[in-house]
Amino acid sequence: MSLDGIAIHAIADELQTRLVGGRIDKIQQPDSSTVILTVRQQGHTDKLLLSCNAQTARIAISTASKTNPMQPPLFCMVLRKHLEGSKITAIYQSAWERIIHIVCEGYDELGERATRILIGEFMGKHSNLILINPQTNVILDSARRLSIDMSQYRQILPGLAYVSPPPQNKQSLMELTQEELISFFLDAPSNQSLKKILLNHIAGFGPQTAAELIHRSGLNPDDRVDFLGQYDYDRIWQQLLWLRDLISQKNYTPTFVCDGKKALAFAPFPLQQFNQYEQHTLDSMSQLLEQFIGHKEQDNLLAQRSGDLERIINREIERCEKKLALQLDKVQEGENAEHFKIWGELLTANLYQIKQGKSAQVINYYDPEQQVLTIPLQENLTPNENAQKYFKKYAKAKAGAQQSLIQAEHTQDELNYLDSIKNSLQTAQTPEDLQDIRLELESASYVKAKLTKQNKKGKKEPTFKPLVVHYGDIEILIGKNNVQNDYVTTRLARNNDVWFHVKDIPGSHVVLRNHQEQRELTQDALDFAAHLAAYFSKSRYSSLVPVDYTLKRYVHKPNGAKPGRVIYENQKTIYITPDEAAIEEILKNN
């Protein structure tokens, strides 16, 4: 991970400059691993985000807004008790470790001055946020409590003494001498890589920083120490001096490396080992961490929420498929019940010669060959009663089949509706998109509404933010889910706008705006909008996708129809093969 001791030192320098002297105005804990401190001082207010999430641990000034739970967690209430209204007097790193101390001075419940320290440990799966009383070194509380069953080295529990993570006994870069550096290489095993030697002996170095300095020295980070000479030691030493000066002068250049959309690495300085990739320089370390780790957290959260919704949808689809199978079995039974009617009629026609018993032998007048048919009977019933039993059985099967056929149509409609929601989920790209889908599931009673602090009644409104794309000066609206489809088609579109939808397949409603100038639309414009409709559908990866289009005046929503359901007429059809790369480039430029 790129967040090593050097990166932590850079962010600590930035926070020291930005936040020291400010007062903690508000404290929030949107989830179990994230705390947000609102720090107010003359001229500006900042939100300091601290996360001890195993995959996205970090500390940075953030502009992201997060939803708070109805009831604040216990750790949040402890922080509010001890830190709200306190003044931040210092922010510093602990011995080049991935640990930052935030020193706060305020007043305790007796009105006396009190100092508290909020410690952020940003060490992967061992990350934690811990509040201590520095006078007694006692833990007041922590985001993650560790008992002796979880850690033999130290316990993190209220009332216990705070023990720092195990020391690594490495040399500080600021105190390192060239002789010590050379001894590290001379004493190292001959098969050890150059970057591993720096990593094992210099405090604050992560694998990426060690590899970067070796690369800047003109050497291969994975080379062995066997053939290193004095000239090579000098080159490595010069790069260590460069990094030392950069840290001393706080001359950081926050740099973000990416390969297209994929984030690769970040550092407080340009990364020459990634020169073949695109690199972006940002204004601050906070922006850098939020750009890299914050987006990763967003992606993880989206994946988690999307997975939760997909499980709900798949469960409902499975339920409907089982129900539909039973209903179709009933329909089939009705279709196969014709022989009951024939048996009843044959029994009725031969009552004069049939005796009460287990079966009756009669000539089947419905058979062209008029073969003898054996009809099973109930011994305790007369032949006429058996005939009436078969008539009732036939009537019941036919009535059940008709009812099951109606129910099967409703179930198939529900399956199609769930399929459309699943398609919306697969194209969702933002938390707002997922929120709209969840609200749709809530309105359809597939899930219960969530209560939040912002909306205590659990009633939220969809975002109603369709995707907007431009073709020249023509505006095109795209619904990203069923609720937005309704909004785009029934609220935003005008009669002379052109409406697009993939034929008989779940997908977005696409509206090409044409109501202002009443202009003659070119075939290229129609093909472009049809391309978008094909891309935002279940047939995204198919070829020659049929896309219907018509004027909005011919599109109608039946009374009581589910979200996203419409009927239309006077349509024409365009066949489109979606080009994913081209559409993504269009969306990027819009």
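Everything below is about the structure shown above.
Residues numbered from 1 in each chain as written. Predicted model: local features only at pLDDT ≥ 70, side-chain atom pairs only at ≥ 80, totals over all residues. Heavy atoms only, no water.

## Quick notes on the side chain of S127
Of note, S127 is situated in the loop between β7 (113-121) and β8 (128-133). Separated by 2.7 Å, the side chain of S127 and the backbone oxygen of G124 make a polar contact. Residues contacting S127, with those up to four places away along its chain left out, are C52, N53, A57, E121, F122 and R144. (Helix = DSSP H or I, 4+ residues; strand = E, 2+ residues; numbered from the N terminus. Polar contact = N/O pair within 3.5 Å; in protein donor to acceptor, adjacent residues only side chain to side chain. Contact = heavy atoms within 4.5 Å.)

## Describing the packing of aromatic side chains
With the rule as written, the count across this model stands at 12 aromatic pairs. Here W343 and Y390 contribute two aromatic rings whose centre-to-centre distance is 5.1 Å and whose plane-to-plane angle is 85°, an arrangement assigned as edge-to-face. Residue W343 is found in helix α8 (residues 338-349), and its partner Y390 is found in helix α9 (residues 383-427); the two are separated by 47 residues along the sequence. Ring centres 4.9 Å apart and planes at 35° place the aromatic pair Y471 and F528 in the tilted group. A residue pair is termed long-range when its members are at least 10 positions apart, and Y471 in strand β15 (residues 467-471) and F528 in helix α12 (residues 523-535) qualify at 57 residues. In this structure Y471 comes out as partly exposed when scored by relative accessible area, which is 29%. Put simply, the rings of F256, F266 and F292 touch in pairs and so form one group of aromatic residues. Positioned above the aromatic ring of F536 is the side chain of R540, whose terminal nitrogen or guanidinium carbon lies 5.9 Å from the ring centre. (Phe/Tyr/Trp six-rings, centres within 6.5 Å; stacked < 30°, edge-to-face > 60°. Buried < 20%, exposed > 50% of the residue type's maximum accessible area, 1.4 Å probe, protein only. Lys NZ or Arg CZ within 6 Å of the ring centre and 35° of its normal.)

## Some remarks on helix α6 (residues 230-248)
Between its terminal C-alpha atoms α6 stretches 26 Å, which fits the 27 Å expected from 19 residues at 1.5 Å a residue. Those residues of α6 that sit buried are D232, Y233, I236, W237, Q239, L240, L243, R244, L246 and I247. Of the surrounding secondary structure, the elements contacted by the buried residues of α6 are α1 (5-19), α3 (178-187) and α5 (207-216). Looking one or two residues beyond α6, the residue adopting positive phi is K250, at roughly 55°. (Expected span 1.5 Å × (residues − 1).)

## What about the pattern of salt bridges?
All told, the structure shown has 20 salt bridges when counted by the stated rule. Note that E121 and R154 form a salt bridge whose closest N and O atoms lie 2.5 Å from each other. Remark: R154 occurs in the loop between β9 (138-142) and α3 and E121 occurs in strand β7; sequence separation between them is 33 residues. Residue classification places E121 among the buried residues on the basis of a relative accessible area of 0%. (Salt bridge = Lys/Arg side-chain N within 4 Å of Asp/Glu carboxyl O.)

## Details of the environment of L194
By the secondary structure assignment, L194 is in helix α4 (residues 194-201). A residue is classified by how much of its surface remains accessible, and L194, at 1% relative accessible area, is buried. As a C-alpha pair, L194 and D226 span 32 residues in sequence and 9.8 Å in three-dimensional space. Ignoring anything within four residues of it in the chain, the contact list for L194 reads F185, I214, L219, N220, P221, D223, R224, V225 and L228.

## So, the sheet that holds strand β11 (residues 262-267)
In spatial order, the strands read β11-β10-β12; together these 3 strands make up an open sheet with antiparallel pairing. The strands lining the two open edges of the sheet, one partner per strand, are β11 and β12 (278-281). Along the sheet, successive strands turn relative to each other by an average axial angle of 25°, direction set aside. Relative to β11, strand β10 (residues 255-259) runs antiparallel, the two being bridged by 5 bridges. Looking at the pairing, C258 lines up with A263 of β11. (Pairing = 2+ DSSP bridges. Axes fitted to C-alpha atoms, helices over the stretch in contact; angles between N-to-C directions.)

## Quick word on the sheet that holds strand β19 (residues 545-551)
Taken in spatial order, the 6 strands of this open sheet run β15-β16-β18-β17-β19-β22, and their pairing is antiparallel. At either margin of the open sheet sits one strand with a lone partner, and together these are β15 and β22 (572-576). Going across the sheet, the axis of each strand differs from the next one's by a mean of 25°, ignoring polarity. The sheet contact formed by strand β16 (residues 474-478) and strand β18 (residues 510-512) spans 3 bridges and is antiparallel. The residue of β18 that forms the bridge with I476 is L512. In the packing of helix α11 (residues 482-492) onto the sheet, the strands contacted are β16, β17 (498-502) and β18, and the crossing angle to β16 comes to about 135°. Most of the contacts of α12 go to β22, to which it runs at about 70°, and overall it touches β15, β16, β17, β18, β19 and β22.

## Looking at the pairing of β17
Among the 5 residues in β17, 5 count as buried, and that is most of the element. Both faces of β17 are covered, namely the face carrying V498, F500 and V502 and the face carrying W499 and H501. Summarising the sheet, β17 and β18 pair through 3 bridges and their orientation is antiparallel. For V498, the partnering residue across the bridge sits in β18 and is L512. Bridge count for β17 against β19 is 5 bridges, and the pairing is antiparallel. Pairing of V498 across the sheet is with L551, part of β19.

## So, the nonpolar core
Counting residues in hydrophobic clusters, the biggest one holds 79 residues, and the most contacted among them are I102, F185, F205 and L240. Considering each element in turn, this core owes the most residues, 8 residues, to α1. By size, the runner-up hydrophobic cluster in this structure holds 26 residues, among which are I474, A525, L526 and A529. (Core = buried A, V, L, I, M, F, W, Y, C linked by side-chain atoms within 4.5 Å.)

## Side note on the environment of N570
Along the chain, the position of N570 falls in the loop between β21 (567-568) and β22. The spacing of N570 and N220 is 350 residues in sequence and 68 Å in space, taken between C-alpha atoms.

## Structural notes on empty space enclosed by the protein
Over the atoms, a rolling probe the size of a water molecule traces out where space has been left empty. For the coordinates displayed, the defined rule picks out 4 cavities of 30 Å³ or more. Put simply, the largest cavity is a space of about 60 Å³. Considering every element that reaches the lining of the largest cavity, the biggest residue donor is strand β6 (residues 99-107), with 3 residues. Residues that form the lining of the largest cavity fall into these classes: 3 nonpolar, 3 polar and 4 charged. (1 Å grid on protein atoms, 1.4 Å probe; cavity = no way out; pocket = protein on both sides within 12 Å on 5 of 7 lines; lining within 4 Å. Points joined across faces, edges and corners; volume = space filled by probe spheres on them. Nonpolar A, V, L, I, M, F, W, Y, C, P; charged D, E, K, R; others polar.)

## Here's the deal with the packing of α8 against α9
Each pair of packed helices gets described by two things: the angle between the helix axes and the distance between those axes. Running from N to C, α8 and α9 cross one another at 155°; their axes reach a closest spacing of 8 Å. What the angle tells us is that α8 and α9 run roughly antiparallel. Considering only the axes of α8 and α9, their crossing is left-handed. Contacts from E338, F340, K341, W343, G344, E345, L347 and T348 of α8 reach α9 at P383, N386, A387, Y390, F391, K393 and Y394. Counted by class, the contact of α8 with α9 contains 8 nonpolar, 3 polar and 4 charged residues. (Parallel < 35°, antiparallel > 145°, perpendicular 65-115°, else oblique. Left-handed = near helix turned anticlockwise from the far one by under 90°.)

## Here's the deal with the pairing of β10
Within β10, 4 of the 5 residues are buried, which leaves it mostly tucked inside the rest of the structure. The turn joining β10 and β11, which pair antiparallel and follow one another in sequence, is formed by 2 residues; a positive phi near 70° is taken by G260. Across 4 bridges, the pairing between β10 and β12 is antiparallel. Within β12, the position partnered with T255 by the bridge is T281.

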